[in-house]
Every structure is written in C-alpha cells, then in structure tokens.
Amino acid sequence: MSKFLLATRYRKVHFSVPLASEIEPRWDRALFRSPVGGGVATATTAAVAGTTTFTTTSATSVKKEVRLSANSREMQQGLVIGFHVITFLQYAFAVYYDYTFTIVPQNVTKVHGAFGGKFKFLTFWDAILQAVFFLICVLNDCFGTNAVNPKKPPFIRKLKDYFHVSLGFPIAMFVGVIFWGLMFIDRELVLPKVLDPYFPRWLNHLMHTMIIVTTVLEMIVAPRQYPKRSRNLGILTGFMLMYLVWIHVIYFKSGIWVYPVMEVLTLPLRIVFIAMLLVVCMVLYFVGEALDNYLWGKKYNTKHQTSHTKSK
C-alpha cells in the first residue's frame, strides 16, 4: 500500500501548454497613478508573453509647459500694452508741442497764421487721430480683448477695429507716403526750408515717419476684425471729402492754399491732383486689408473653422 502511494506521489504529470503564437493576444489598457513624480502611467498588458509595457507622461513636465505658455502670453500682452501706451504718449506730446510751441511768424510764411490755425494741416489731424486711436488701444487692452476672432467682441474692441481699419491705417500711410513723395520731388512744395528753425526735425519725423512705423507695427502685434468694406470706405471717403471742403473754405476765407503745391497747379491739374490723391488713399486702404489678411488670415480662418466645427 505504501509503495502504491509513493508511486502515485512521484508519477510524472504531463501538461499540454499551447505555443505563444497560438494564443490570441488580449490587450488591456489601464490608467493608474505612477509612483514616480506623481505622473500618469499607461499600462499596456499583452497576454502573449506575459509582458507589460509602460508609457509614462510626467505631469510635472505638462504643468511646466502650461506655465511657460501662460508666461509667454502674459509677456506678449505686456509688450503690446507697453507699445500702445508709449505710442499714445508720443502722439499726444507731438500734438501738444506742435500746437503750443511751433509758432511761425507771418513774415516767414503766411500759411501758418492764416484762418484755421494748426487745424489746416492734415498732418495735425492725423496726429490727433493716432493719439485717439492708441488711447482706444490702451482701453481695449485693459477692458476689451485682443483675441483673433472673439465670438462677442466688446464695444471698445469694435470701436478699435473700425477706427484703425477706416481711418488709422489709411490716413497715416497717406500722410507719410504723400509727404515724403513730394519731399523727394521738391521739399518747397510741402515743407519749405524757412520752416526748419520753427519745426524741429524730430517733430517732423514723429509726425511724418513714425506714423507709418507705428501703424504697421499695430498691424503686426494685434489682430483686428475687418468690418464691412462698404462702411470702411464710406468713413474714409467721407473724412477725405470733408478735409477737401475744409481746405477750400480756408482758401476762400484767407486766399491762401494750405499746401504750396496747390498754388503751382492750374484748376484742371488741381482737380486731377485731388482725384489722384483720393485714389491713392483708397489703394492704401486695400493695402492695409491685404496686409492684415497676410498676417492674421490663417489664424482667423483656423479659429473660424474650429468654432464652426464645434457648433456642428
């Protein structure tokens, strides 16, 4: 009996184990907390070879990337606000200095002392427009939004976009381009040499050069939504026509043309010259629209498509 028990205890037992290739693999994905660094680990278990593959993504690195992205946005927004504040101050100072200290005696030139004062010149009007516009930019930075395509833009953002699109960009570019174009031809047509002692060079560049630089920089650093083209062109055309009427009122009141170039032109040439100026102004509007589309068009389209997809 004992021999039978021993034989049974030491009897060879054969197990049939299938090959690994015959086993249909079963994949189980489990998401659990990693013991290292508080990260998130993804476990992929294969029943084929009894192995487990871990793909660990550190939560710390994710937090760092989010923090860096937030810091980058804050720094960018700070630079935009600083640019707007400095630009507003420089144009406000330019208007104040030009109105207060740029006094030309009548024996030097009769234009500056004639009816209309400083408000005769489109350059002075443009400096006022730029000061007002960049003040609106500062208010928008504080109380509005600089998003590429906000769903419900606040009033201050709408005002900023309308102002820059219809007046800010085209008038600034018009003043700079026409002034330096005529200066290249003959400076006596726009800024005679006798005015140099009374009109500082830095003020000249601030009001005729920096306006181009700052309005282009504004295109680069901040997005805008272009309102309807008909409205923009209507505002721009209305402003230019009012200024043309204004300089003719000055001429009939004082007998003096605001710009010397008007004196050397005959009536037909003067009409052609004014028509060409209006065309140039309209072209500059479309230049601004094309530049904005080049700089922000892709981002606007991406945002628009994303919001459209979500709405579906």
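Remember, it's a predicted structure, so these values are computed and weren't measured experimentally.

Caption draft 1: Geometry of the overall build of the chain. What the chain contains, in helices and strands, is nine helices and three strands. Ordered by position from N to C terminus, the α and β elements of the chain give α-β-β-β-α-α-α-α-α-α-α-α. Counting all 312 residues of the chain, 36% fall into the buried class. Across the chain, every contact between residues at least 6 apart in sequence was considered, and the portion connecting residues at least 24 apart equals 68%. Entry remark: accessible area of the chain is about 19,600 Å², with carbon and sulfur atoms responsible for 67%.

Caption draft 2: Examining the packing of aromatic side chains more closely. Overall, the coordinates contain 20 aromatic pairs when judged by the stated rule. When the centroid spacing of 5.0 Å and the interplanar angle of 70° are considered together, the rings of Phe133 and Phe134 count as edge-to-face. Considered together, Phe133 and Phe134 belong to a single accessibility category, that of buried residues. What links up through ring pairs into an aromatic cluster is the set Phe83, Tyr91, Phe133, Phe134 and Phe163. Positioned above the aromatic ring of Phe115 is the side chain of Lys253, whose terminal nitrogen or guanidinium carbon lies 5.7 Å from the ring centre.

Caption draft 3: Up close: the layout of surface pockets. Quantified by volume, the largest pocket comes out at close to 750 Å³. In this structure, the largest pocket is lined by 39 residues; those nearest its centre are Phe121, Thr123, Val190, Val258 and Tyr259. Contributing elements (two or more residues each) for the lining of the largest pocket: α3 (122-143), α4 (155-185), α5 (201-208), α7 (229-254), α8 (260-263) and α9 (267-311).

Caption draft 4: Just the pattern of salt bridges, in detail. Scanning the entire structure with this criterion turns up seven salt bridges. For the salt bridge of Arg224 with Glu218, the shortest nitrogen-to-oxygen distance reads 3.9 Å. On the basis of relative accessible area, Arg224 is assigned to the buried category, the value being 5%. Taken together, the shared-partner salt bridges connect Lys160, Glu218, Arg224 and Asp292 into one network.

Caption draft 5: Quick peek at a nonpolar patch on the surface. Together, Val213, Leu217, Ile220, Tyr294 and Leu295 make up an exposed nonpolar region whose accessible area comes to about 460 Å². At the level of secondary structure, the elements contributing two or more residues to the nonpolar patch comprise α6 (210-221) and α9. Broken down by element, the nonpolar patch gets its largest block of residues, three residues, from α6. Note on placement: Val213 falls in helix α6.

Caption draft 6: Quick look at the UniProt feature "transmembrane region" (unreviewed entry) in the chain. Cross-referencing UniProt, the feature "transmembrane region" (unreviewed entry) maps to residues 79-99, 119-141, 162-182, 202-221, 233-251 and 271-291 in the present numbering. Between the end C-alpha atoms of residues 162-182 the distance is 29 Å, and the span holds 100% helix and 0% strand. Between the first and last C-alpha atoms of residues 271-291 the distance is 30 Å; the span itself is 100% helix and 0% strand.

Caption draft 7: Here's a closer look at the environment of Phe163. For Phe163, the position within the fold is in helix α4. Judged by relative accessible area, Phe163 falls into the buried class, the value being 15%. Along the backbone, Phe163 and Leu129 are 34 residues apart, and their C-alpha atoms lie at a distance of 8.9 Å. For Phe163, the contacting residues outside a window of four places in its chain are Leu129, Val132, Phe133, Ile136 and Gly168.

Caption draft 8: Spatial organisation of the environment of Phe239. Inspection of the secondary structure puts Phe239 in helix α7. Among residues more than four places away in sequence, those in contact with Phe239 are Leu122, Leu129, Leu167 and Ile171.

Caption draft 9: Structural view of the side chain of Asp141. Among the secondary structure elements, Asp141 is positioned in helix α3. Of the polar contacts made by the side chain of Asp141, one reaches the side chain of His84; its length is 2.6 Å.

Caption draft 10: Representation of α6 in the model. The end-to-end C-alpha separation of α6 is 16 Å, in line with the 16 Å expected for twelve residues at 1.5 Å each. Inspection of α6 places Ile211, Thr214, Thr215, Glu218 and Met219 among the buried residues, and these make up the whole buried set. End-on view of α6: buried residues confined to an arc of 145°, all on one side of the axis.

Caption draft 11: The arrangement of the nonpolar core in detail. Residues Ile171, Phe174, Leu191, Leu236, Phe239, Met240 and Met262 are the most contacted members of the largest nonpolar core, which totals 61 residues. Looking at this core, the elements that each hand over two or more residues are α2 (59-101), α3, α4, α5, α6, α7, α8 and α9. In terms of residue count, α4 provides more of this core than any other element does, 13 residues in total. When sequence neighbours within four positions are dropped, the list of residues in contact with Leu236 reads Ser166, Leu167, Pro170, Ile171, Cys281, Met282 and Tyr285.

Caption draft 12: Geometry of the environment of His205. Relative to the helices and strands, His205 resides in helix α5. Linking His205 and Gly176, residues 29 residues apart in sequence, is a C-alpha distance of 9.5 Å. Dropping the residues within four chain positions of it, His205 is found in contact with Trp180 and Met210.

About the cut-offs
Residues numbered from 1 in each chain as written. Predicted model: local features only at pLDDT ≥ 70, side-chain atom pairs only at ≥ 80, totals over all residues. Heavy atoms only, no water. Helix = DSSP H or I, 4+ residues; strand = E, 2+ residues; numbered from the N terminus. Buried < 20%, exposed > 50% of the residue type's maximum accessible area, 1.4 Å probe, protein only. Contact = heavy atoms within 4.5 Å. Areas by Shrake-Rupley, 256 points an atom, 1.4 Å probe, with all protein chains shown as cover. Phe/Tyr/Trp six-rings, centres within 6.5 Å; stacked < 30°, edge-to-face > 60°. Lys NZ or Arg CZ within 6 Å of the ring centre and 35° of its normal. 1 Å grid on protein atoms, 1.4 Å probe; cavity = no way out; pocket = protein on both sides within 12 Å on 5 of 7 lines; lining within 4 Å. Points joined across faces, edges and corners; volume = space filled by probe spheres on them. Salt bridge = Lys/Arg side-chain N within 4 Å of Asp/Glu carboxyl O. Patch = residues over 30% accessible without salt bridge, like charges linked within 9 Å, V, L, I, M, F, W, Y side chains within 5 Å. UniProt positions renumbered as here; feature names shortened; annotations may be inferred. Polar contact = N/O pair within 3.5 Å; in protein donor to acceptor, adjacent residues only side chain to side chain. Expected span 1.5 Å × (residues − 1). Arc of directions from axis to C-beta. Core = buried A, V, L, I, M, F, W, Y, C linked by side-chain atoms within 4.5 Å.

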